[in-house]
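# Remarks on the overall topology
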Amino acid sequence: MMAHPHSVTLAALLAALLSASSAFGARDTDITGPDFKTLTFQNGAGGYTGAMDVLISKKSTTDAPAPTAPVFWLSRELDEGTRRHKNETAALLRFDHIFGAGAGQIPPGSPITKAVLRLRTDASEAAGSPHRLHLSRMLLPWDATAAWRNPAWGRDGIQTDNREALAEPDNIGTLNQPNTDYELDVTPALRAWAAGAANHGWLLHMLHIDTANQLALASTHSSSAKKRPALTITYDARPANRAPDADDLAAARDTPSSSNISLRANDPDGDPLSVTFHARRRTDTARDFSIIVLPDTQYYTHIPYRYGGSPEMFYAQTDWIIRYARPLNIAAVLHLGDISDQGDFDRQEWIYAAKAMYPLGDPAATGRPDGIPYILAIGNHDQRDESKNWGGPAHLFNEYFGVKHFSQKGYYGGHFGSDNNNYYIAFDSGPEKFIVLSLEYDFDKRNSKVLQWADGVLKKHAGRRAIIITHATIHPGSVQANFCTDGGGPAYEGLKNNPNLMLIIGGHITGEGRRTDTYNGSTVHSILMDFQFDGDGGNGLLGILTLSPRTNKIHVSTYSPHAKSGRLDSSANYTLDYDFGAKIEPFAKVGAAEVAAGATATCRLENMDATATYEWQAEISDQGKTTRTPARPIPPAKAEK
C-alpha cells in the first residue's frame, strides 16, 4: 500500500489515544504569544504575486488545456477497451518568495508552527470529486513550461518515487463539494523549506481511476482573487526567546472545600515569569473508550490472493484488538460488510473470516465472559449466491455468523425475520449504554418492513445511544458527503425521528467520508471508511472511534496492525462534536503570581464543592511566549472513616 501523510506508529497512536488531551486535538502544552506571526500568501493579496501553477497533461489526442486556465480539471482515465491507463491531468503549484528578509516574508530558519494550503473547488456542479486529491511535495525544479513529457522526469509524467516527488504525500483531501474552500495541513513541507530544503512546491494529482469523476480547482489565474490558492503560515518570529515551561505540578485538597495548587515555573533564558491559574468544575462521566471499525475485508479472505490482500492482515487486526482491548478500553467491534468477496460461492472465505473474528468472542483470550462484543454487516459481496449472482440470501453468513452463533452472547439483542441478516447488539461502557443495529446491504428494497423493525428497536431502547452499521452509507467526502441510496440514505430518513440515533457507519466505496445532519435538535454523524483499493487490499487498516463523554467529542483515526502504521491526514484523522450530556464549564481565573525562573508559584482555590471533581491548568508567560499546561484533575475530598 502507498505511504500516507503523517504516518503514525503504534507507540504514537497509543500515546494519542490514551491521552484525552492529545486524542481530541490539544497538544500536551499549548504555546502562544506575540512572538508568533501569521502571513498569508495569495496572488493579488497584499501585493503578493509569487504563486504559480501549471497543468500537465497526458492526452490521447494533441489537445491540452491552456496553462493559464482559471480552472484546472484534474483526472485519471482508462481506455475502456484495453483497460490501460490512457489520459491524466495533474497540476503543479508553488509559492515563491516566502522566505527572506523583506517585508511580508518569513526569515529563513524560522520555526514553523502551522501551515495550511487553501484550495477552492470550481462552482460547476461537477467540480467536486469523491476521489482523493494527493498533495505530493516536488523534488525537482519546474517552471511555466513544465509538461508531461519534460525530460527532467523522463517524459512520462511525475512519479512519486522520492526522486521526482516524495512518495509520502503531505496531505490527502476529498474535495467533494463544488464552490467550497478546503484547507489542507502542509506544515511538514514548510518546516522542511524553512530549514533549507529547496521549495519546488507540490504535485496535485488523483490516483483513483474513474472516467466519470474529475476535480476542478481554481488556479492562480482565477479572475476572482479570493478563489486563488492561498498559503497561510504561522511562525516563531523570535526563536531566540525560548518558551517557558513548568514541572512539579501538584494539587491537593487540604479541606473538603479548598485546595492548594502549585507548579515550578521554568524559563531557559532566565526571564521573570507571570503565572496565571485557571480552574473549573469537571463533569465526572464515563471514561474515554474506543469502538473499532473493520471496513471491507473481502480482499483479505479472497483466495487466490487478490489486490495484494491476505488473511494474515485480517488476523492481525483482531489479534491487535484483543491485545489492546484493555489499554484502549475497547467496548465493541463493528464490521462494515463485504466480509467475503464471493459470498455463498466460496466457503473458504468464510473459514478465514471465522478464524479472524471468532477469537473476539473467546472469554479466555479476551478476559471477558462474552468476549468483546462484535457485530457484522452484510455487504453486497456477502449476498452473492452459489452462481455468483448478486442479491442472494447470504446463507454462509448465517452459517458462520447467524443467530445460533450469537444467541448465547449476553450482548446479542435479536434479529428481524428468520435469519440474522438484520440484527442488533447492546453493550455498555461504564455508565454509557449503546445499541448497534446491523442492516444488510439494500435492506429497504429487499424487505420494506426492515426499517419498521429497526425503528421499533430504537424506540424500545430509547435509553441507549444508537449506532447503525450498513454497508453502503455515504460517498467519500470531507464536507457533507452524499448519502448512498442503498443504505445510509434510507436508514437516516427512516430512523432520524429517534433522538438516540447518533452514528451511521459504512464502507463499500474506497475512501473516507463524513456528514452531519440535525433533526429536531438531535445530531447524527455519518461516517465512511473503506481502503480496499488503496493497495494490498486495504493493507490491514482499521478505524478507531475514541468516544469521550467528558469532552463531548468523538475522535476518528486509523491504524494498520499489519503495517504497524496509520494515517494522520485530515481525511482519516478528525474529531466530531457530539453532545453526550457533559456540562462543560469555561475555565475561570483563580489566581496569579509573578515569580523568577525556577521558582514555585502557588494558588489557593476556595469555596469548592466537597463532592465534586475539579480540574486546573496554568499559563506561564515571559511576555513573548505563553505556555498553557494540560488540564489536570483535583479529585474530591476523601471521605473520613
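Structure shown above.
Nothing here was measured: the structure is a model prediction, and the numbers come from that model. (Residues numbered from 1 in each chain as written. Predicted model: local features only at pLDDT ≥ 70, side-chain atom pairs only at ≥ 80, totals over all residues. Heavy atoms only, no water.)

On to the overall build of the protein chain, then. A count of helices and strands for the protein chain gives 12 helices and 33 strands. The C-alpha extent of the protein chain, read off along each of the three principal axes, is 85 × 80 × 45 Å. Out of the 641 residues belonging to the protein chain, those deemed buried represent 55%. For the protein chain, long-range pairs separated by at least 24 residues make up 74% of all intrachain contacts whose partners lie at least 6 apart in sequence. Of the roughly 25,900 Å² of accessible surface on the protein chain, 50% is carried by carbon and sulfur atoms. Charged side chains of the protein chain number 62 positive and 71 negative; the gap between the two group centres comes to 2 Å. (Helix = DSSP H or I, 4+ residues; strand = E, 2+ residues; numbered from the N terminus. Buried < 20%, exposed > 50% of the residue type's maximum accessible area, 1.4 Å probe, protein only. Contact = heavy atoms within 4.5 Å. Areas by Shrake-Rupley, 256 points an atom, 1.4 Å probe, with all protein chains shown as cover. Lys, Arg positive; Asp, Glu negative; His and termini not counted. Charge placed at Lys NZ, Arg CZ, Asp CG, Glu CD.)

This structure, assessed with the given rule, holds 23 aromatic pairs. Considering the side-chain rings of Phe 277 and Trp 616, the 6.1 Å spacing of their centres and the 35° angle between planes classify their relative orientation as tilted. Remark: Trp 616 occurs in strand β31 (residues 613–621) and Phe 277 occurs in strand β15 (residues 273–282); sequence separation between them is 339 residues. For the residue pair Phe 277 and Trp 616, the accessibility class agrees, reading buried in each case. Consider the rings of Trp 350 and Phe 401, whose centres lie 6.3 Å apart with planes at 55°: the pair is tilted. Of the two residues, Trp 350 is situated in helix α6 (residues 347–357) and Phe 401 in helix α8 (residues 395–401); the sequence distance between them amounts to 51 residues. Assigned by exposure class, Trp 350 and Phe 401 land together as buried. An aromatic cluster of three or more residues is present, and its members are Trp 350, Tyr 358, Phe 397 and Phe 401. Positioned above the aromatic ring of Trp 142, the side-chain terminus of Arg 94 is 4.4 Å from the ring centre. (Phe/Tyr/Trp six-rings, centres within 6.5 Å; stacked < 30°, edge-to-face > 60°. Lys NZ or Arg CZ within 6 Å of the ring centre and 35° of its normal.)

For the rest of this paragraph, the subject is empty space enclosed by the protein. One pass over the full model with this rule turns up two cavities of 30 Å³ or more. The calculated volume of the largest cavity comes to roughly 70 Å³. Lining the largest cavity are Asp 53, Phe 72, Ala 91, Leu 92, Leu 93, Leu 119, Leu 204, Leu 217, Ala 218, Ser 219 and Pro 229. Contributions of two or more residues to the lining of the largest cavity are made by β5 (85–95) and β11 (215–218). (1 Å grid on protein atoms, 1.4 Å probe; cavity = no way out; pocket = protein on both sides within 12 Å on 5 of 7 lines; lining within 4 Å. Points joined across faces, edges and corners; volume = space filled by probe spheres on them.)

Among the nine residues of strand β25 (residues 522–530), eight are classified as buried, and the element is accordingly described as predominantly covered. Linking strand β24 (residues 511–519) back to β25 in an antiparallel pair, the connection comprises two residues, with Asn 520 at a positive phi of about 50°. (Pairing = 2+ DSSP bridges.)

This part is about the sheet that holds strand β13 (residues 245–255). Two strands in a sheet stick together by hydrogen bonds in their backbones, pointing the same way (parallel) or opposite ways (antiparallel). Read from one edge to the other, the open sheet built from three strands follows the order β13-β14-β30, with strand pairing classed as antiparallel. Each of the sheet's edge strands pairs with one partner strand only, and the pair in question is β13 and β30 (600–605). Each neighbouring strand pair of the sheet contributes to a mean axis angle of 15°, computed without reference to strand direction. As paired elements, β13 and strand β14 (residues 258–266) share eight bridges and run antiparallel to each other. (Axes fitted to C-alpha atoms, helices over the stretch in contact; angles between N-to-C directions.)

Here we come to the side chain of Asn 380. Inspection of the secondary structure assignment puts Asn 380 in the loop between β18 (374–376) and α8. Ignoring sequence-local partners within four residues, the contact set of Asn 380 consists of Asp 338, Trp 390, Tyr 441, His 471 and His 508.

With 68 residues, the main nonpolar core has Phe 401, Ile 505 and Leu 545 as its most contacted residues. In this view, Ile 505 contacts Val 293, Leu 334, Leu 336, Ile 467, Ile 468, Ile 469, Thr 470, Thr 473, Ile 527 and Leu 545; residues no more than four positions away in its chain are not counted. Counting residues in hydrophobic clusters, the runner-up holds 34 residues, among them Ala 51, Leu 117, Met 206 and Leu 231. (Core = buried A, V, L, I, M, F, W, Y, C linked by side-chain atoms within 4.5 Å.)

Bringing the environment of Thr 473 into the picture now. Along the polypeptide, Thr 473 turns up in the loop between β22 (465–470) and α12 (488–495). On the basis of relative accessibility, which here comes to 0%, the residue Thr 473 falls in the buried class. Other than its neighbours up to four places away in sequence, Thr 473 contacts Phe 483, Cys 484, Gly 488, Gly 489, Ile 504, Ile 505, Gly 506, Ser 526 and Ile 527. At 2.8 Å, the side chain of Thr 473 forms a polar contact with the backbone oxygen of Thr 470. (Polar contact = N/O pair within 3.5 Å; in protein donor to acceptor, adjacent residues only side chain to side chain.)

Pairing is antiparallel in the open sheet, where four strands are placed in the order β2-β12-β6-β9. The outermost strands of the open sheet, each flanked by one partner alone, are β2 (36–41) and β9 (181–185). Ignoring strand direction, the axes of neighbouring strands in this sheet form an average angle of 20°. Bridging between strand β6 (residues 112–120) and strand β12 (residues 230–236) involves six bridges; their strand directions are antiparallel. Residue pairing for β12: Ala 115 is matched across the bridge by Ile 233. In the packing of helix α3 (residues 187–194) onto the sheet, contacts are made with β6, β9 and β12, and the angle to β6 comes to roughly 125°.

Before going further, it helps to examine the packing of helix α5 (residues 311–323) against α6. One can describe the packing of α5 onto α6 by two numbers: an axis separation of 8 Å at closest approach and a directional angle of 20°. With respect to their mutual orientation, α5 and α6 come out roughly parallel. Where α5 crosses over α6, the handedness of that crossing is right-handed. Of α6, the residues touching α5 (which contributes Pro 311, Phe 314, Tyr 315 and Thr 318) are Tyr 352, Ala 353, Lys 355, Ala 356 and Met 357. (Parallel < 35°, antiparallel > 145°, perpendicular 65-115°, else oblique. Left-handed = near helix turned anticlockwise from the far one by under 90°.)

This part takes up unusual backbone geometry. With omega at 5°, the peptide bond leading from Ile 303 into Pro 304 counts as cis. Structurally, Pro 304 is set in the loop between α4 (298–301) and α5. Residues other than glycine seldom take positive phi values, yet His 97 does so here, at roughly 60°. With respect to the helices and strands, the residue His 97 is situated in the loop between β5 and β6. Owing to a relative accessible area of 59%, His 97 belongs among the exposed residues under this scheme. Of note, the phi angle at Asn 520 is positive, near 50°, even though the residue is not glycine. Looking at the element boundaries, Asn 520 is found in the loop between β24 and β25. Judged by relative accessible area, Asn 520 falls into the exposed class, the value being 69%.

What follows concerns the side chain of His 200. When you line up the elements, His 200 lands in the loop between α3 and β10 (202–206). For His 200, a relative accessible area of 16% gives the class buried. Ignoring any residue separated from it by four or fewer positions in sequence, one finds His 200 in contact with Arg 94, Met 138, Leu 139, Leu 140, Pro 141, Trp 142 and Trp 193.

Taking 1.5 Å per residue as the helical rise, α5 with its 13 residues ought to reach 18 Å, and the 18 Å between its terminal C-alpha atoms agrees with that figure. A large share of α5 lies buried, amounting to 10 of its 13 residues. Pro 311, Met 313, Phe 314, Tyr 315, Ala 316, Gln 317, Thr 318, Trp 320, Ile 321 and Ile 322 are the residues of α5 that are buried. (Expected span 1.5 Å × (residues − 1).)

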